[in-house]
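Okay, here's what each chain looks like letter by letter:
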Amino acid sequence: MESNFTNLDLGIFIIYIVGIIGLGLYASRKSTGESKRDYFLAGDKLPWWMIGGSIIAANISSHHLVGVMGVAYERGFVAIVIEWGAILVGFNVLLWVFLPFYIRNGFYTMPEFLQKRFGGGARTTYSILVLLTYIFVEISAVLYLGAISLQSLLGIPMLASILFLAVFTGVYTVLGGLRAVVWTEMLQLAVLVLGMVALSYYTIDASGGFEAIVESSKDWELMLPANDPDFPWTMYLGGLLCISIFYNATNQFIVQRTLAAKNEWHARMGVIFADYLKFLIPLLIIIPAIVAPKIFPDLEKPDLLFSMLVEHLLPTGLVGLVMAGLIAAIMSHLSGAINSCTTILTIDVYLPYFRPNASEASSVRFGRITGVLVILIGILCTGILVYYSEKPIFIYLLNAYGLFTPGIATMFLMGIFWKGTTHAGALTAGLLTIPLSLLVEFFFPEMPFFNRTGIVFWTCMLLCVLVSLVTQRKSEAELEGLIWTKESLSLPKSEREQQKGWRNPFIWWAIVMAMVLYFYIKYA
């Protein structure tokens, strides 16, 4: 097939890049930049639709458009379980368990919860683990996968593509903080959805229309055998559970948007709006990949599917739009990860350990400096992923998450549900998560990584309990307001007027849950 990429597409692509950078710089000028709360949490002014849209714009990136599409091409409909698992597990835990504690305590970061519940050691352990995850998994992987597509479609060398994406995203992110991040993410989400709708339509049409989807649905499965190397059904017993809880409920990168909400009602509705987007957008990514073998039956490298579909199926003009959608996904994800790193480094490292009495301006300045450093380290780490190309890169990302997440999920879950959890117990789980993961992988190299992650997760939970039983717990007074109760299910009394009738978050939550459960029941 011949490429359909023309000068018109290049023009559309360039106009988008210039526009998004301009919007980011404009938003950065709207920020005063003098207040920590303004720079890191957009001044607590975000409405529900910006929260939900921003969560998904930050979440969906090149490792979805490129990585998940590659997994779906190779493995089928089961690729969607990670995305819909967030609706069933992670976002539910955020919505009904942790969110009230984050909002009502006025936290900037997730480590602040651990500081208040346990102490400084747990806070530092989380900060180190999550910063490693952001830099080595989030930032480097997104740059790598984005560079693959730019090289394939535009012929831009890999290194130049990586530098282009990192530098232009970093400019407005470092200058404007979360306000600039969210403003640009809303435009990026719109472009992303438009681009994926166009790509889905032309791919499905070229593969035989709606009949191709119906035919492929006969092979759709969401539950695979326990020995499946990538998606065993046993992942629901631990592996998927802890990864989803970490990523969607205790992850600064995702949760930071809810901390910037106008109030708790807006925060909850924002998470539920994210549920609906999380239901729809993965379908736009995965269904085209499932029918794509009818067009490209023998791709040696599944991660190239996205660029192949864009380059050979879309008409002139739409190629540029979909490429803009890819760049939108990459830049929104990068900006969110960079902003989360700077927030944690400032609030959880710089202020408590180096300059407790630093001024607001000094804190913001430090955040900007660390943003630049994070970008540089992310660029250097991107080269590591060049060697992971035999399988879809998304599988390797999930594998990497499995190293870090069991201990983090344990600290948060045990901390909020059991009064008896001690600082020593939480530290045991956090510090042993990587050694235990590597140990299991060494002795059982053929074990599916989801099963390995589940084993380490429940081992961390057990060790946390055992250590907590023989160490000093906090008093009832110290734990007041930090342990989950049924009151957490309801809004504060001052906001309950907002949830009357169709404004009740529970109604909209129940609808999206029913839609997801229908697919799970039908294709189990």
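Draft legend 1. Here's a closer look at the overall build of the protein chain. A tally of regular secondary structure across the protein chain gives 20 helices and zero strands. Rg of the C-alpha trace for the protein chain: 22 Å, near the compact-globule value of 24 Å for 524 residues, within the 12% margin. When the backbone C-alpha atoms are referred to their principal axes, the protein chain occupies close to 70 × 55 × 50 Å. When contacts within the protein chain are restricted to residue pairs at least 6 apart in sequence, those whose partners lie at least 24 apart make up 86%. Element-wise, carbon and sulfur atoms account for 67% of the exposed surface of the protein chain, whose accessible area totals about 19500 Å². Between the averaged position of the 32 positive side-chain charges in the protein chain and that of its 34 negative side-chain charges there is a distance of 13 Å.

Draft legend 2. Inspection of the nonpolar core at higher detail. Core analysis: the largest hydrophobic core is formed by 169 residues, its most contacted members being Phe-77, Trp-84, Phe-98, Tyr-102, Tyr-126 and Phe-306. What Tyr-102 contacts, discounting residues up to four positions off in sequence, is Leu-94, Phe-107, Met-110, Phe-113, Ala-249, Thr-250, Val-255, Leu-259 and Phe-412. The next biggest cluster of nonpolar side chains, apart from the first, holds five residues, and it includes Tyr-108, Ile-347, Leu-351 and Ala-358.

Draft legend 3. Seen up close, the side chain of Thr-343. Looking at the secondary structure, you find Thr-343 in helix α14 (residues 318-354). Within the local environment of Thr-343, its side chain forms a polar contact with the side chain of Gln-256, the two groups lying 3.1 Å apart.

Draft legend 4. Region of interest: the packing of helix α11 (residues 252-259) against α14. Contact geometry for α11 and α14: axes closest at 9 Å, N-to-C directions at 80°. Here α11 is positioned roughly perpendicular relative to α14, judged by the angle of their axes. Residues Gln-252, Phe-253, Gln-256 and Arg-257 of α11 form the contact with α14, whose own contacting residues are His-333, Gly-336, Ala-337, Asn-339, Ser-340, Thr-343 and Ile-344. Across the contact of α11 with α14, the residue classes tally to three nonpolar, seven polar and one charged.

Draft legend 5. Representation of the pattern of salt bridges. What the rule picks out here adds up to nine salt bridges. Asp-230 is the salt-bridge partner of Arg-75, the closest N and O atoms lying 3.0 Å from each other. In this pair, Arg-75 is assigned in helix α4 (residues 62-75) and Asp-230 in the loop between α9 (210-217) and α10 (239-249), connecting sequence segments 155 residues apart. A relative accessible area of 4% places Asp-230 in the buried class. Among the ionic pairs, Arg-268 bridges to Glu-264, the shortest N-O distance being 2.9 Å. Of the two residues, Arg-268 and Glu-264 both sit in helix α12 (residues 264-291), four residues apart, roughly one turn of that helix. There is no split in this pair, since Arg-268 and Glu-264 are both buried. Among the charged side chains, a salt-bridge network with shared partners connects Arg-75, Asp-228 and Asp-230.

Draft legend 6. Up close: helix α13 (residues 305-313). Counting buried residues in α13 gives eight out of nine residues, a clear majority hidden from the surface. What α13 keeps buried is the set Leu-305, Phe-306, Ser-307, Leu-309, Val-310, Glu-311, His-312 and Leu-313.

Rules used throughout
- Residues numbered from 1 in each chain as written.
- Predicted model: local features only at pLDDT ≥ 70, side-chain atom pairs only at ≥ 80, totals over all residues.
- Heavy atoms only, no water.
- Helix = DSSP H or I, 4+ residues; strand = E, 2+ residues; numbered from the N terminus.
- Rg over C-alpha atoms; globule rule 2.2 N^0.38 Å.
- Contact = heavy atoms within 4.5 Å.
- Areas by Shrake-Rupley, 256 points an atom, 1.4 Å probe, with all protein chains shown as cover.
- Lys, Arg positive; Asp, Glu negative; His and termini not counted.
- Charge placed at Lys NZ, Arg CZ, Asp CG, Glu CD.
- Core = buried A, V, L, I, M, F, W, Y, C linked by side-chain atoms within 4.5 Å.
- Buried < 20%, exposed > 50% of the residue type's maximum accessible area, 1.4 Å probe, protein only.
- Polar contact = N/O pair within 3.5 Å; in protein donor to acceptor, adjacent residues only side chain to side chain.
- Axes fitted to C-alpha atoms, helices over the stretch in contact; angles between N-to-C directions.
- Parallel < 35°, antiparallel > 145°, perpendicular 65-115°, else oblique.
- Nonpolar A, V, L, I, M, F, W, Y, C, P; charged D, E, K, R; others polar.
- Salt bridge = Lys/Arg side-chain N within 4 Å of Asp/Glu carboxyl O.

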